[in-house]
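Each chain is listed here by its residues.
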Amino acid sequence: MFPEYDVVVVGAGHAGCEAAAAAANMGSKILLITMNMQTIAQMSCNPAMGGIAKGQIVREIDAMGGYSGIVSDLSMIQFRMLNRSKGPAMWSPRSQNDRMLFSLKWRELLEKTPNIDFYQDMVKGLLLLDNKVIGVKTNLGHEIKSKSVVLTNGTFLNGIIHVGEKNFGGGRMGERAASGITEQLTTIGFESDRLKTGTPPRVDGRSLDYSKMEEQPGDNEIAGFSFLQIVKPQLQKSCWITYTNQKVHDILKTGFDKSPMFTGRIGGVGPRYCPSIEDKINRFSEKERHQIFVEPEGWDTVEIYVNGFSTSLPEEVQYEALRNIPGFETAKMFRPGYAIEYDYFPPTQLNYSLETKLIDNLFFAGQINGTTGYEEAACQGLIAGINAHQKINSLEPLILKRNEAYIGVLIDDLISKGTNEPYRMFTSRAEFRTLLRQDNADLRLTEISYRLGLASQERMNLTLNKKQEVGRIKKLLDTALLEPEAINPFLEKTNSTPIAEKQKAQKILLRPEIELGELISKVPELQAHFAGFKKENIEQASIQIKYDVYIEKEKELVKKMILLEQLQIPENFDYKKIVSLGNEAREKLNKVKPRTLGQASRISGINPADVQILMVYMGR
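Please read all numbers here as calculations on a predicted model, not as lab measurements.

### Comments concerning the overall build of the protein
1) Next: A tally of regular secondary structure across the protein gives 21 helices and 22 strands.
2) Next: For the protein, the C-alpha radius of gyration of 26 Å lies close to 25 Å, the compact-globule estimate for 620 residues.
3) Next: For the protein, the C-alpha atoms occupy an extent of roughly 80 × 70 × 55 Å along the three principal directions.
4) Next: The 620 residues of the protein split such that 58% are buried.
5) Next: Sequence-distant contacts, at least 24 apart, represent 72% of the contacts inside the protein between residues at least 6 apart.
6) Next: On the protein, roughly 26100 Å² of surface is accessible, and the fraction owed to carbon and sulfur atoms is 50%.
7) Next: Of the side-chain charges in the protein, 77 are positive and 76 negative, and the distance between the mean point of each set is 2 Å.

### Some remarks on the environment of Ile304
1) Next: Within the secondary structure, Ile304 sits in strand 17 (residues 303–307).
2) Next: Exposure remark for Ile304: the relative accessible area of 5% places this residue in the buried category.
3) Next: For the pair Ile304 and Glu278, spaced 26 residues apart in sequence, the C-alpha separation works out to 20 Å.
4) Next: Aside from chain neighbours lying at most four places away, what touches Ile304 is Pro201, Arg202, Val203, Gly205, Leu208, Tyr210, Val294, Glu295, Pro296 and Glu297.

### Points about the packing of aromatic side chains
Any aromatic ring pair is given by two values, namely how distant the centres are and how the planes are angled relative to each other.
1) Next: What the rule picks out here adds up to eleven aromatic pairs.
2) Next: Seen from their ring centres, Tyr67 and Trp106 are 5.7 Å apart, and the 50° between their planes marks the pair as tilted. Highlighted residues: Tyr67 in the loop between helix 2 (54–63) and helix 3 (68–75) and Trp106 in helix 4 (residues 99–111), separated in sequence by 39 residues.
3) Next: A residue is classified by how much of its surface remains accessible, and Trp106, at 0% relative accessible area, is buried.
4) Next: Ring-pair connections join several aromatic residues into one group, and the members of that group are Phe190, Phe345 and Phe364.
5) Next: If you follow Arg59 out to its NZ or CZ, it ends over the ring of Phe227, 4.0 Å from the centre.
6) Next: Lying over the aromatic face of Trp91, Arg84 brings its terminal NZ or CZ to 4.1 Å of the ring centre.

### Observations concerning the sheet that holds strand 17
1) Next: Here we have six strands laid out as an open sheet, ordered 14-15-16-17-13-18, and antiparallel in their pairing. Edge positions in the sheet fall to strand 14 (214–216) and strand 18 (333–335), since each of these pairs with one other strand and no more. Between one strand and the next, the sheet's axes are offset by a mean angle of 35°, whatever the strand orientation.
2) Next: In this sheet, strand 17 lies alongside strand 13 (residues 202–204) in antiparallel orientation, the contact comprising three bridges. Paired with Arg202 across the two strands is Tyr305, which belongs to strand 17.

### Examining the pairing of strand 7 (residues 123–128)
1) Next: Here five bridges tie strand 7 to strand 8 (residues 133–138), and the two strands are oriented antiparallel to one another. Looking at the pairing, Leu126 lines up with Val136 of strand 8.
2) Next: Here strand 7 folds back onto strand 8 in antiparallel fashion, the turn holding four residues, of which Asp130 has a positive phi close to 55°.

### Some remarks on empty space enclosed by the protein
1) Next: Under the defined criterion, the tally for this structure stands at one cavity of 30 Å³ or more.
2) Next: In this structure, the largest cavity occupies an estimated 30 Å³ of space.
3) Next: Considering the residues around the largest cavity, the lining is formed by Tyr352, Ile383, Leu398, Ile399, Leu400 and Ile411.
4) Next: Residue composition of the lining of the largest cavity, grouped by class: six nonpolar, no polar and no charged.

### Description of the pattern of salt bridges
Side chains carrying opposite charge are able to pair once their charged atoms draw close together.
1) Next: By the definition in use, this model includes 36 salt bridges.
2) Next: Glu375 serves as the salt-bridge partner of Lys54, at 3.3 Å between the closest nitrogen and oxygen. With Lys54 in helix 2 and Glu375 in helix 9 (residues 374–392), this pair connects stretches of sequence that are 321 residues apart.
3) Next: A salt bridge links Lys559 to Glu556, with the nearest nitrogen and oxygen atoms 3.3 Å apart. Remark: Glu556 and Lys559 occur in helix 18 (residues 548–565); sequence separation between them is three residues, near one turn of the helix.

### Focus on the packing of helix 1 (residues 14–25) against helix 4
1) Next: Relative to each other, helix 1 and helix 4 sit at 20°, their axes nearing to 11 Å. Looking at the two axes, helix 1 sits roughly parallel to helix 4. In the crossing of helix 1 with helix 4, the sense of the turn from one axis to the other is left-handed. For the pair formed by helix 1 and helix 4, the contact residues are His14, Cys17, Glu18 and Ala21 on the first element and Phe102, Trp106 and Leu110 on the second.

### Observations regarding the nonpolar core
1) Next: One finds Leu151 and Leu362 to be the most contacted residues of the largest nonpolar core, which totals 103 residues.
2) Next: Counting residues per element, this core draws most heavily on helix 9, at ten residues.
3) Next: Setting aside its immediate chain neighbours within four residues, Leu362 contacts Leu126, Val133, Val149, Leu151, Leu185, Phe190, Leu354, Glu355 and Thr356.
4) Next: In terms of nonpolar packing, the next biggest core, distinct from the first, is built from 23 residues, Ile473, Ile520, Val523 and Phe533 among them.

### Description of the sheet that holds strand 12 (residues 193–199)
1) Next: In spatial order, the strands read 11-10-19-12; together these four strands make up an open sheet with antiparallel pairing. Only two strands of the sheet have a single neighbouring strand rather than two, namely strand 11 (166–169) and strand 12. Each neighbouring strand pair of the sheet contributes to a mean axis angle of 25°, computed without reference to strand direction.
2) Next: With four bridges connecting them, strand 10 (residues 160–163) and strand 11 associate as antiparallel partners. Of the residues in strand 11, the one forming a bridge with His162 is Asn167.

### Some points on the layout of surface pockets
1) Next: A volume near 1400 Å³ is recorded for the second largest pocket.
2) Next: Forming the walls of the second largest pocket are 47 residues, and the residues nearest its centre are Arg84, Trp91, Lys535, Glu536 and Glu539.
3) Next: Among the secondary structure elements, those contributing two or more residues to the lining of the second largest pocket are strand 4 (76–82), helix 12 (457–479), helix 15 (516–522), helix 17 (535–546) and helix 18.
4) Next: In terms of residue class, the lining of the second largest pocket is made up of 18 nonpolar, eleven polar and 18 charged.

### Thoughts on helix 8 (residues 315–322)
Quick reminder: α-helices carry 3.6 residues per turn. Residues three or four places apart thus point the same way.
1) Next: The set of residues buried in helix 8 consists of Val317, Gln318, Ala321 and Leu322. Seen along its axis, helix 8 keeps its buried residues to an arc of 130°; they face one direction.
2) Next: Considering only its buried residues, helix 8 is in contact with strand 10, strand 13, helix 6 (246–253), strand 17 and strand 18.

### Observations concerning the state of the cysteines
1) Next: Evaluated as defined, the whole model comprises zero disulfides.
2) Next: Residue Cys239 stays outside any disulfide, its sulfur separated by 14 Å from that of Cys45, the closest cysteine.

### Digging into the side chain of Arg459
1) Next: Among the structural elements, Arg459 can be located in helix 12.
2) Next: On the basis of relative accessibility, which here comes to 6%, the residue Arg459 falls in the buried class.
3) Next: Reaching out from Arg459, the side chain makes a polar contact with the backbone oxygen of Asp62 at a distance of 2.8 Å.
4) Next: Each residue touching Arg459, except ones within four places of it in the same chain, is listed here: Asp62, Ala63, Gly65, Gly66, Ile70, Ser226, Phe227, Leu228 and Thr446.

Reading the values: rules and limits
- In this numbering scheme, every chain counts its residues from 1 along its sequence in written order.
- With pLDDT at 70 or above as the cut-off, local features in this predicted model cover only qualifying residues; side-chain atom pairs require 80 or more to be listed or tallied, and sums for whole chains, interfaces and linings still use all residues.
- Hydrogens and waters are ignored; side-chain quantities use all the structure's heavy atoms.
- Secondary structure elements are taken from DSSP: a helix is a run of H or I of four residues or more, a strand is a run of E of two residues or more, and numbering for both begins at the N terminus.
- The quantity called the radius of gyration is restricted to C-alpha atoms. Its globule counterpart is 2.2 Å times the number of residues to the power 0.38.
- For the exposure calls, accessible area comes from a 1.4 Å probe over protein chains only, and a residue counts as buried if that area is under 20% of its type's maximum, exposed if over 50%, partly exposed in between.
- By definition in these notes, contact holds between two residues if any of their heavy atoms fall within 4.5 Å.
- Shrake-Rupley sampling with a 1.4 Å probe provides the accessible areas, and residues are treated as covered by the protein chains on show and by no other component.
- Neither His nor the chain ends contribute to the count of charged residues, in which Lys and Arg are positive and Asp and Glu negative.
- In this description, the location of a charge corresponds to atom NZ of lysine, CZ of arginine, CG of aspartate or CD of glutamate.
- Pairing of aromatic rings covers Phe, Tyr and Trp, the last through its six-membered ring, and needs centres within 6.5 Å; plane angles under 30 degrees mean stacked, over 60 mean edge-to-face, and all others mean tilted.
- Lysine NZ or arginine CZ positioned within 6 Å of the ring centre and within 35 degrees of the ring normal marks a charge as sitting over the ring.
- Two strands are said to pair when DSSP picks up at least two bridges between them.
- Comment: axis = line fitted to C-alpha atoms, over the contacting stretch for helices; angle = value between 0 and 180 degrees taken between N-to-C directions.
- In this analysis the probe radius is 1.4 Å and the grid spacing 1 Å, with only protein atoms considered; a cavity is a set of points the probe fits into but cannot get out of, a pocket is an open set with protein on both sides within 12 Å along at least five of seven lines, and lining residues have an atom within 4 Å of a point.
- Grid points are joined across faces, edges and corners, and a volume is the space filled by probe spheres set on the points.
- Residues are grouped as follows: Ala, Val, Leu, Ile, Met, Phe, Trp, Tyr, Cys and Pro are nonpolar; Asp, Glu, Lys and Arg are charged; all remaining types, including Gly, are polar.
- Salt bridges are defined by distance alone: a side-chain nitrogen of Lys or Arg within 4 Å of a carboxyl oxygen of Asp or Glu.
- An angle below 35 degrees is read as roughly parallel, one above 145 as roughly antiparallel, one from 65 to 115 as roughly perpendicular, and any other as oblique.
- Note on convention: near helix rotated counterclockwise from far helix by under a right angle means a left-handed crossing. Clockwise means right-handed.
- Take the buried Ala, Val, Leu, Ile, Met, Phe, Trp, Tyr and Cys residues and link them wherever side-chain atoms come within 4.5 Å; each set so joined is a nonpolar core.
- This arc is built from the directions going out from the helix axis to the C-beta atoms.
- Count a disulfide wherever a pair of cysteine sulfur atoms falls within 2.5 Å.
- For this analysis, a polar contact is any N or O atom pair within 3.5 Å, provided that within protein one partner can donate a hydrogen and the other can accept it, and provided that sequence-adjacent residues contribute only side-chain to side-chain pairs.

Quick look at the structure:
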């Protein structure tokens, strides 16, 4: 019934979809197996993509030829560039999306991608031969052969859903859990553990009073995620903001004795940076209120996602508390919030390619590695799909460095440090974030992906054109001289010091209060010079000029980091023989088995003195 595939991808969430698309577009024959063909790329939690640091990841996925950015642009109902008041390293794109349209567009793109077959079934085990995966076993009794397997099981591995004192098996509300894989892998020698995540109630938007809330409209101009020219929506839907209060908190507290979080029924650790509402009022008892984002689920539905109110309290407590939030006095609840516990495998058991250390040609991506969030999952899927293709074709794996991409930061964090709580990306995790901006993801990554055979010629041409145009803009700014009478009226309006003699436009631009787009539009002498240039390329040139000093400083730090990364550690190095290392350091180094001294320096619990000892021991 089934031919032998190059790659079997287990799970069709965000990680699985990106893995299947990447490997297929590189030429591998793919089977994408999912328990439910109707929920491909489902937004299981909030109907949004991007946000702080996550938006940078979506831009990176798109720059490399992944589909998440395209799908986000095609299904968005609102777009905002967050942190515009800060420096460009902090700018983060975020879209509110039509939940059903998002899933539909993903499926359409996958079905139009050659080399992908689909099958609806549950994978309950792997086919193994001599520490190598050779296929999968399904619940219907099929043994499907493949050269490699990518596991992207999300929250389905032995998932348990909790609502108050009720709990039942499930990977998502209304969908059954998956079993068999964890049990097989732990028998082989893999370490597994449990994590927890949650979701808020959904309510009927017709039953809300928006006059009691703050409106949060989208940006006037939609930048979007994809570097391709995707048509953006002409209209946008607003989100809304309201707040909890002391009465809401008091009602929620009445359910604490039935909360699975506080009674010990949930053993998994939850996401620290996205806590449930009961966790918030318990941990931050001094706060009188917490922000609630009221987010529409799509263009043609009244369903509302109550962001900030994730909970697993009993339904009646959820309902009563909700109706005491301003604007929610007559709210009708479509479905309650719930928590879900699931298996994951600490990611220190992986190589940088996301291939497991114990089993050849077996790759893990997404929540199975302890991450949380669509974006974090999608980028792992992309890398796992690329590297599954590379491995079976005896090609070098793609390993992005910390100075090349947020994706590189995420994978290095997981491999080097592991995680015992759901991992979420933040700009603060990236020490080179001035280099890793959302605006230059294509300049950083498209050529790398193009050389691998993933990014298309169209993407490569767009990137080369951007690079050339930005270079011409910078050259013009360096040569254009502005007379005082031409520029001073504009400078006075912007409360900037007038000039007494002519100056280069580039020098004027270095003033923090001056924006290049506004300078061009308000100074007639410049308008003719810059006619025909794309707005995003003008902005790119401006960023490169304004932040040149900071960019160069980070490049110097990168050079120092590369020196440590070049100091290779033998694969089977025995740390136990270095008696000057402490027991904890030896234990952690033996567990992670870092490939370089740079990686060793980033392992939790390894201090600079330990790295110095390693350097001395290795004759450095």
